[in-house]
Amino acid sequence: MDIKNNRFQILLKQKVAFIVGIFLIVFSTNENRIVNVMFFWVMFNEILSPYIYMEIKIPIWIHSLILYFPMYIVIIYPNSNRKLSYDYFWIGIGIIIVCMLISWNWKEYKEGFLGVFSKIPISKSLFINKLFSSVLAIFSEEIFFRGFIIGKLKSAWHLESIVINAILFLYVHYINKWANKMFSIKKYISIFLLALALGTVFYYTNNIFICIFLHMIYNSSDFISLFKKSFIKKKTIDDLFDD
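Residues numbered from 1 in each chain as written. Predicted model: local features only at pLDDT ≥ 70, side-chain atom pairs only at ≥ 80, totals over all residues. Heavy atoms only, no water.

Caption draft 1: Quick look at the environment of Ile-191. Inspection of the secondary structure assignment puts Ile-191 in helix H9 (residues 185-205). Using a relative accessible area of 4% as the deciding quantity, one classes Ile-191 as buried. As a C-alpha pair, Ile-191 and Phe-40 span 151 residues in sequence and 20 Å in three-dimensional space. The contact partners of Ile-191, leaving out residues within four places of it in the chain, are Phe-169, Leu-170, His-173, Phe-183 and Tyr-218. (Helix = DSSP H or I, 4+ residues; strand = E, 2+ residues; numbered from the N terminus. Buried < 20%, exposed > 50% of the residue type's maximum accessible area, 1.4 Å probe, protein only. Contact = heavy atoms within 4.5 Å.)

Listed below in structure tokens is the structure:
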């Protein structure tokens, strides 16, 4: 019953996502139409690519390239303001917020790189695939949500573009096929606050590299766990519970 309910919830929110995307495109203005169209493409990929991955059994790195393609392809759209800034005040605010979010989620972070699953070894090829996917995800999300969305909406929406970026960032994570298992309410709040922090940093600095760096710090437990798994020797199931 729980599995059926979970599938129903997934299909329902994904159908709603298509309706929302179509609504955004139909009622968009000239200023934000390209943003709405690209965001609809991102949602479409977010919904469709997991099913392709499961049915065709494509390698992780190919799945990642397909999944994040509409995010990183927007790099071809020029940013009207290419001048980078190192405004240390806003960079400092971003670092503080990211560190606070890590502290707030420390139990989950600790479980990520010290828990039972962090002791399961992985092959070199799987390590490379997962590392590529994790890095590509961060680069793609920053290029799209901070660089593209805020870059395109900044002149018309000003500070509101930061909030729009955060809402869309949260929504894309919400419609993920595995979101019900991956994210709690606490995690959704953290994702929203992270997007606000990174959006603010980009708004005032126009520096996507700082945002990528901060995003990597936020996802540091994933990288630590991944590297840890790649270096440990193979164990049996019983060995995992000896500690």
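After presenting the structure, the write-up continues.
Caption draft 2: Structural context of a nonpolar patch on the surface. Residues Ile-22, Phe-23, Val-26 and Phe-27 make up a contiguous nonpolar surface patch of about 450 Å² in total accessible area. Within the secondary structure, Phe-27 sits in the loop between helix H1 (2-26) and helix H2 (33-56). Of the residues examined, Phe-27 reaches a relative accessible area of 59% and is grouped as exposed. (Patch = residues over 30% accessible without salt bridge, like charges linked within 9 Å, V, L, I, M, F, W, Y side chains within 5 Å. Areas by Shrake-Rupley, 256 points an atom, 1.4 Å probe, with all protein chains shown as cover. Salt bridge = Lys/Arg side-chain N within 4 Å of Asp/Glu carboxyl O.)

Caption draft 3: The packing of aromatic side chains, seen in detail. All told, the structure shown has 17 aromatic pairs when counted by the stated rule. Seen in terms of ring centroids, Trp-90 and Tyr-204 are 4.2 Å apart; in terms of plane orientation they differ by 5°. Their pairing is stacked. Of this pair, Trp-90 sits in helix H4 (residues 88-104) while Tyr-204 sits in helix H9, and the two are 114 residues apart along the sequence. A centroid spacing of 5.0 Å and a plane angle of 85° characterise the contact between Phe-144 and Phe-145, whose relative ring orientation is edge-to-face. Residue Phe-144 shares its accessibility class with Phe-145, and that shared class is buried. By way of ring pairs, the aromatic residues Tyr-77, Phe-144, Phe-145, Phe-148 and Phe-169 are connected into one cluster. The residue whose ring lies beneath Arg-146 is Phe-169, and the NZ or CZ to ring-centre distance is 4.6 Å. (Phe/Tyr/Trp six-rings, centres within 6.5 Å; stacked < 30°, edge-to-face > 60°. Lys NZ or Arg CZ within 6 Å of the ring centre and 35° of its normal.)

Caption draft 4: Seen up close, unusual backbone geometry. Despite not being glycine, Lys-57 has its phi angle at roughly 60°, a positive value. Judged by its relative accessible area of 65%, Lys-57 is exposed. The backbone of Asn-206 sits at a positive phi, close to 55°, despite the residue not being glycine. Locating Asn-206 in the fold gives a position in the loop between H9 and helix H10 (208-218). Given the relative accessible area of 8%, Asn-206 is considered buried.

Caption draft 5: Spotlight on the layout of surface pockets. The space that makes up the largest pocket amounts to roughly 1800 Å³. What lines the largest pocket is a set of 45 residues, among which Ser-134, Met-182, Phe-183, Asn-219 and Asp-222 lie closest to the centre. Contributing elements (two or more residues each) for the lining of the largest pocket: H2, helix H3 (60-72), helix H5 (106-114), helix H6 (124-157), helix H7 (160-174), H9, H10 and helix H11 (220-231). When residues of the lining of the largest pocket are assigned to their parent elements, the largest contribution, seven residues, is made by H6. Class assignment for the residues of the lining of the largest pocket results in 20 nonpolar, 16 polar and nine charged. (1 Å grid on protein atoms, 1.4 Å probe; cavity = no way out; pocket = protein on both sides within 12 Å on 5 of 7 lines; lining within 4 Å. Points joined across faces, edges and corners; volume = space filled by probe spheres on them. Nonpolar A, V, L, I, M, F, W, Y, C, P; charged D, E, K, R; others polar.)

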